[in-house]
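Observations on chain architecture
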Amino acid sequence: QVQLVESGGGLVQAGGSLRLSCAASRSIFSSEDVGWYRQAPGKQRELVAVLRNDGTTNYADSVKGRFTISRDDAKITVYLQMNTLKPEDTAVYYCNLRTYFPRPNVYWGQGTQVTVSS
């Protein structure tokens, strides 16, 4: 079973930038999708960004133009570059991996706290 470990969270002023990392215990296969979710206090977990196995991306409307999802050449680490941060971006951010073989499955990291102050 693949393990995902997030890092890079912390406290940042509004308007600042932060880069989150998600280290996987193995290379991410080309057939797999990766993504970032977040959950703020009292709210449901929501999709922030997804990088599909065909290379296409999708972003929540609230982060379009500000956040970018990517992965390194070794396909071990997934990143979320967050720019022009807003207080409403404050949440626990989770790395997500969706597999299709040998069966459909979803894996989650433990999350990293991002706090944006005004």
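The structure we're discussing is the one just above.
Residue numbers run consecutively from 1 along every chain, following the written order of its sequence. Note on the predicted model: pLDDT of at least 70 is required for a residue's local features to be given, and 80 or more for side-chain atom pairs to be given and counted; whole-chain, interface and lining totals, by contrast, use all residues. Heavy atoms from the whole structure form the basis of all side-chain values; hydrogens and water molecules are not counted.

Some remarks on the overall build of the chain
In terms of regular secondary structure, the chain is built from 0 helices and 11 strands. The C-alpha extent of the chain, read off along each of the three principal axes, is 45 × 25 × 20 Å. Considering only contacts within the chain whose residues lie at least 6 apart along the sequence, 54% involve residues at least 24 apart. For the chain, the exposed area adds up to about 6400 Å²; of that, 48% sits on carbon and sulfur atoms. Charged residues are defined narrowly, with Lys and Arg counted positive, Asp and Glu counted negative, and His plus the chain ends left uncounted. Where a charge lies is defined by one atom per residue type, namely NZ (Lys), CZ (Arg), CG (Asp) and CD (Glu). Separation between the mean location of the 13 positive side-chain charges and that of the 10 negative ones in the chain comes to 2 Å. For helices the rule is a DSSP run of H or I covering at least 4 residues; for strands it is a run of E covering at least 2, with both sets numbered from the N terminus onward. Any two residues whose heavy atoms approach within 4.5 Å are treated as being in contact. We get accessible surface area from the Shrake-Rupley algorithm with a probe of 1.4 Å; when it comes to residues, only the shown protein chains can shield them.

Looking at the nonpolar core
Put simply, buried Ala, Val, Leu, Ile, Met, Phe, Trp, Tyr and Cys residues joined by side-chain atoms within 4.5 Å make one nonpolar core. Each residue gets one of three labels from its accessible area relative to the maximum for its type: buried under 20%, exposed over 50%, partly exposed in between, using a 1.4 Å probe on protein chains only. Counting 30 residues, the largest nonpolar core has Trp36, Ile69, Leu80, Met82 and Tyr93 as its most contacted members. Looking at this core, the elements with two or more residues in it are strand E3 (18–24), strand E4 (33–39), strand E5 (46–51), strand E7 (67–71), strand E8 (77–82), strand E9 (91–99) and strand E11 (112–117).

Brief notes about the pairing of E9
Regular strands place their side chains on alternate faces of the sheet. In terms of residue burial, E9 counts as a mostly covered element, since 7 of its 9 residues are buried. Pairing between E4 and E9: 7 bridges, direction antiparallel. Considered in E9, the bridge of Val34 is made with Leu97. A pair of strands is considered paired only if DSSP assigns at least 2 bridges between the two. Both E9 and E11 contribute to a ladder of 3 bridges, which runs antiparallel.

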